[in-house]
Amino acid sequence: MIKKCLFPAAGYGTRFLPATKAMPKEMLPILTKPLIQYGVEEAKEAGCNIMAIVTGRGKRAIEDHFDISYELEYQIKGSQKEELLHQIRELIDNCTFTYTRQKEMKGLGDAILKGKALLGEDSPFAVILADDLCINPKGSNVLKQMVQVYKKYKCSIIAIMEVDKNSTDKYGIISGKEIEKNIYKVANMVEKPEVSKAPSNLAIIGRYILTPDIFDIIKDTKPGKNGEVQITDALLTQAKEGKVIAYKFDGLRFDCGNVNGFVEATNYFYKYNKTV
Ligand code: G1P
């Protein structure tokens with residue numbers, strides 16, 4: 001039902017300098033696999049086969065990663081090392097990867113709007129922020145859970161989790177009515193509110209399913225927090241019409257956009273999940 005997944009991947013990754021000076025932050029590996037590959041695997045498992053990636057200058061390694069590498073594959077043919085490429089080969093063989101560039105950093109809303117050229121306007125699509133590495137050791141992955149929620153509500157769906165009430169200024173924060181266990185009809189949402197002004201401690205995590213009318217709404221959305229066009233503000237327009245559901249997902253989320261979260265994810269995967 002949701003076949004396309006958008007990956008905004010134009011950001012500079014300044015928190016990881018100098019590592020990200022010449023390398024896209026999305027290519028930083030947790031163990032042996034780059035962050036964006038975890039996201040693409042999640043999307044594929046959730047039923048997507050078109051991966052639309054919004055890149056920027058200096059991000060060519062992402063395109064090379066999702067392509068075959070003749071020389072390397074020829075070199076390791078017949079050796080045990082071939083196995084290390086099985087997972088990525090599986091993605092390359094079964095998904096279509098499309099790319100466009102966001103030329104200026106004008107915010108997540110603007111990056112999503114740039115994806116319109118890749119996604120078209122006729123169907124809902126998923127969005128994964130690869131920095132937010134999400135896993136569910138006990139069952140379906142987070143995007144797959146959200147697809148189930150979409151099937152029922154047929155409107156935009158956003159992933160949320162409870163965060164410490166002193167860290168609301170790092171996230172988009174929602175408030176709304178819990179209409180089913182872990183499912184909220186969103187009434188308000190604010191991008192990175194000051195702690196004293198946050199409407200709740202329910203934070204948006206980097207997984208969305210968006211209905212395509214969002215593109216026109218983004219076009220009419222004025223720059224907000226930090227002078228950037230925020231997807232949170234565009235979604236508020238849909239929410240006011242009762243068309244946004246927030247879903248408190250089952251699973252774990254690592255904030256790999258900062259060094260602490262990245263190290264936590266690395267330790268977790270090393271301990272529990274070595275083979276992925
Ligand atoms: C983005 C969104 C924010 C969301 C966050 C989740 O912010 O704008 O609403 O809570 O992702 O990671 P960023 O972290 O890219 O600044």
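Look a little higher up for the structure.
Reference entry: report on the structure contained in this document. (Residues numbered from 1 in each chain as written. Predicted model: local features only at pLDDT ≥ 70, side-chain atom pairs only at ≥ 80, totals over all residues. Heavy atoms only, no water.)

**Concerning unusual backbone geometry**
In the segment running from Leu17 into Pro18, the intervening peptide bond is cis, with an omega of 5 degrees. Relative to the assigned elements, Pro18 resides in the loop between strand E1 (4–8) and strand E2 (29–30). At Lys154, a position not held by glycine, the phi torsion is positive, near 50 degrees. Topologically, Lys154 is positioned in the loop between helix H7 (142–153) and strand E8 (156–162). (Helix = DSSP H or I, 4+ residues; strand = E, 2+ residues; numbered from the N terminus.)

**A look at the site of the ligand**
The immediate surroundings of the ligand are formed by 13 residues, with Asp132, Gly172, Glu191, Lys192 and Ile204 found nearest. Within the side chain of Glu191, one N or O atom sits 2.7 Å away from an oxygen atom of the ligand. Here an oxygen atom of the ligand sits 3.4 Å away from a polar atom, N or O, in the side chain of Thr232. Compared with its free state, where it exposes 380 Å², the ligand has 73% of that area covered by protein. Judged by the proximity of its atoms to the pocket grid, the ligand belongs to the largest pocket. The element best represented in the shell around the ligand is strand E11 (residues 202–210), accounting for 3 residues. Within the shell around the ligand, the residues separate by chemical class into 5 nonpolar, 4 polar and 4 charged. (Near = heavy atom within 4 Å. Polar contact = N/O pair within 3.5 Å; in protein donor to acceptor, adjacent residues only side chain to side chain. Areas by Shrake-Rupley, 256 points an atom, 1.4 Å probe, with all protein chains shown as cover. 1 Å grid on protein atoms, 1.4 Å probe; cavity = no way out; pocket = protein on both sides within 12 Å on 5 of 7 lines; lining within 4 Å. Sits in = over half its atoms within 2 Å of the grid points. Nonpolar A, V, L, I, M, F, W, Y, C, P; charged D, E, K, R; others polar.)

**Regarding the side chain of Lys33**
Tracing the backbone through its elements, the reader meets Lys33 in strand E3 (residues 33–34). Polar contacts involving the side chain of Lys33 include one to the side chain of Glu41, which spans 2.8 Å.

**Describing the environment of Tyr12**
Structurally, Tyr12 can be placed in the loop between E1 and E2. With 157 residues separating them along the chain, Tyr12 and Asp169 place their C-alpha atoms 21 Å apart. Tyr12 has contacts with Thr20 and Met105, leaving out every residue within four places of it along the chain. (Contact = heavy atoms within 4.5 Å.)

**Considering the pattern of salt bridges**
Overall, the coordinates contain 18 salt bridges when judged by the stated rule. The residue Lys106 makes a salt bridge to Glu104 at a minimum N-O spacing of 3.9 Å. Judged by relative accessible area, which is 38%, Lys106 ranks as partly exposed. Its salt-bridge partner being Arg253, residue Asp132 comes within 2.7 Å of it at the nearest N-O pair. Of this pair, Asp132 sits in strand E7 (residues 132–135) while Arg253 sits in strand E13 (residues 252–255), placing them 121 residues apart in sequence. By sharing partners, the salt bridges in this structure join Glu73, Arg89 and Asp93 into a single network. (Salt bridge = Lys/Arg side-chain N within 4 Å of Asp/Glu carboxyl O. Buried < 20%, exposed > 50% of the residue type's maximum accessible area, 1.4 Å probe, protein only.)

**Focus on the layout of surface pockets**
Taken as a whole, the largest pocket spans an internal volume of roughly 1200 Å³. The wall of the largest pocket is formed by 39 residues, among which Arg15, Lys25, Leu129, Asp131 and Lys192 lie closest to the centre. Here the element with the most residues in the lining of the largest pocket is E11; it accounts for 4 residues. Among the residues forming the lining of the largest pocket, the class breakdown is 15 nonpolar, 12 polar and 12 charged. (Points joined across faces, edges and corners; volume = space filled by probe spheres on them.)

**Some remarks on the nonpolar core**
Membership of the largest hydrophobic core comes to 42 residues, with the highest contact counts inside it found for Phe7, Ile36, Met51 and Phe66. The element that contributes the greatest number of residues to this core is H7, accounting for 6 residues. If near-sequence neighbours (up to four positions away) are discounted, Ile36 is found in contact with Phe7, Glu26, Met27, Ile53, Ile62, Phe66 and Ala130. Membership of the second largest hydrophobic core comes to 31 residues, among which are Leu129, Ile158, Tyr208 and Ile214. (Core = buried A, V, L, I, M, F, W, Y, C linked by side-chain atoms within 4.5 Å.)

**Some details on the packing of aromatic side chains**
Throughout the structure, instances matching the rule amount to 8 aromatic pairs. With a centroid separation of 5.3 Å and 10 degrees between ring planes, the pair formed by Phe125 and Phe215 is classed as stacked. Here Phe215 lies in helix H8 (residues 214–219) and Phe125 lies in strand E6 (residues 125–128), a separation of 90 residues in the sequence. Both rings, one in Tyr268 and one in Phe269, keep their centres 5.9 Å apart while their planes meet at 70 degrees; by these two values the pair is edge-to-face. Accessibility classification places Tyr268 together with Phe269 in one group, the buried group. (Phe/Tyr/Trp six-rings, centres within 6.5 Å; stacked < 30°, edge-to-face > 60°.)

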